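Working through the structure, step by step
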Amino acid sequence: MDFLRPASWEEALAAKAEHPTAVPIAGGTDVMVEINFDHRRPEYLLDLNRVGELTDWEVGEDSVRLGASVPYTHIMEHLRGELPGLALASHTVASPQIRNRGGVGGNLGTASPAGDAHPALLAAGAEVEVESVRGSRRIPIDEFYTGVKRNALAADELIRAVHVKKADGPQQYSKVGTRNAMVIAVCAFGLALHPETRTVRTGIGSAAPTPVRAKAAEEFLNAALEEGGFWDNGKIITPSVAKQFADLCAASCNPIDDVRGTASYRRHAVGIMARRTLTWTWESYRGTAATTEGAA
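Residues numbered from 1 in each chain as written. Predicted model: local features only at pLDDT ≥ 70, side-chain atom pairs only at ≥ 80, totals over all residues. Heavy atoms only, no water.

The name an unreviewed UniProt entry gives the protein is Carbon monoxide dehydrogenase, with Streptomyces griseorubiginosus as the organism.

What follows is the structure in structure tokens.
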């Protein structure tokens, strides 16, 4: 196994073009586990730790550009206001040591359905910035996951950054594991309210071959909130609406039985998390709306 160590982004792209099978490594929190257990033995490892720009982030007027190697700890400490859902998801990642090393780019590159960042990125409607010597492009997060641990990257492309719109409403994230830390998700759920467009987006992890959205549940809830005037009147969402939303979220799953949980348990847990996160985010929205009206 050869070790490639580019000193710049341009050198990294050239190395990937010359060696398309090279496996990128930055935090190494996924890759090294696979190598240590001999589940993977790539011909080349492409070390990106000398490419400093990958750990940079930029807060723009409407969105955040998050370098692929920005550690989860930095998201928690510096971007909680702009990216609350992703910050909450970052809190659930493994241990402090892993959060200091791992980043969203690694989650995306591995594309495991159990990756902690995926539900939050789906709920926020993120875009993945990828590049090769041929040029750069942005891939909508809905189009990024193509199969079990597969993504839409071409063989010569690397993930440079993730673009996430700044939250315009409450966001939540919930995860079920077999213990409280250092655990792979049995299932996870992300929810984001988007008052500017009067829409809701979801993200589900570890309950299907890929991270998915509960699109039928979103469509139902969007219609219910609009028809009931909830965005304007700020009323409590009725239990029947919350239950139907939860049931549709559970139905969106396509889970398996494995050592961490059964398929039926995963569906049940996703429904519970969907109902709870909807309650939490809507209560937060109602509180914000009431404060705004009081100030006016």
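Re the pairing of strand β6 (residues 127–132)
Of all six residues that make up β6, five are buried, and the element is covered over most of its length. Both β6 and strand β7 (residues 135–140) contribute to a ladder of six bridges, which runs antiparallel. Counterpart to Glu127 in the pairing with β7 is Pro140. What sits between β6 and β7 in their antiparallel hairpin is a turn of two residues. As paired strands, β6 and strand β10 (residues 158–165) are joined by five bridges and run antiparallel to one another. The partner of Val128 across the bridge, within β10, is Val162. (Buried < 20%, exposed > 50% of the residue type's maximum accessible area, 1.4 Å probe, protein only. Helix = DSSP H or I, 4+ residues; strand = E, 2+ residues; numbered from the N terminus. Pairing = 2+ DSSP bridges.)

Considerations on helix α1 (residues 9–18)
For α1, the full list of buried residues reads Trp9, Ala12, Leu13, Ala15 and Lys16. All buried residues of α1 lie within an arc of 160° about the axis, which places them on one face of the element. Away from the buried face of α1 by more than 90 degrees, exposed residues Glu10 and Glu18 are located. (Arc of directions from axis to C-beta.)

Quick notes on the sheet that holds strand β12 (residues 187–194)
Strand order in this open sheet of three strands is β11-β12-β13, and the pairing throughout is antiparallel. Where the open sheet ends on each side, the last strands, each with one partner, are β11 (171–176) and β13 (199–205). Taking the axes of each pair of neighbouring strands and ignoring which way they run, one obtains an average angle of 10° across the sheet. (Axes fitted to C-alpha atoms, helices over the stretch in contact; angles between N-to-C directions.)

Let's talk about unusual backbone geometry
Despite not being glycine, Ala111 has its phi angle at roughly 60°, a positive value. Structurally, the position occupied by Ala111 is in the loop between α6 (104–110) and α7 (118–124). Taking relative accessible area as the criterion, Ala111 reaches 0% and is therefore assigned buried.

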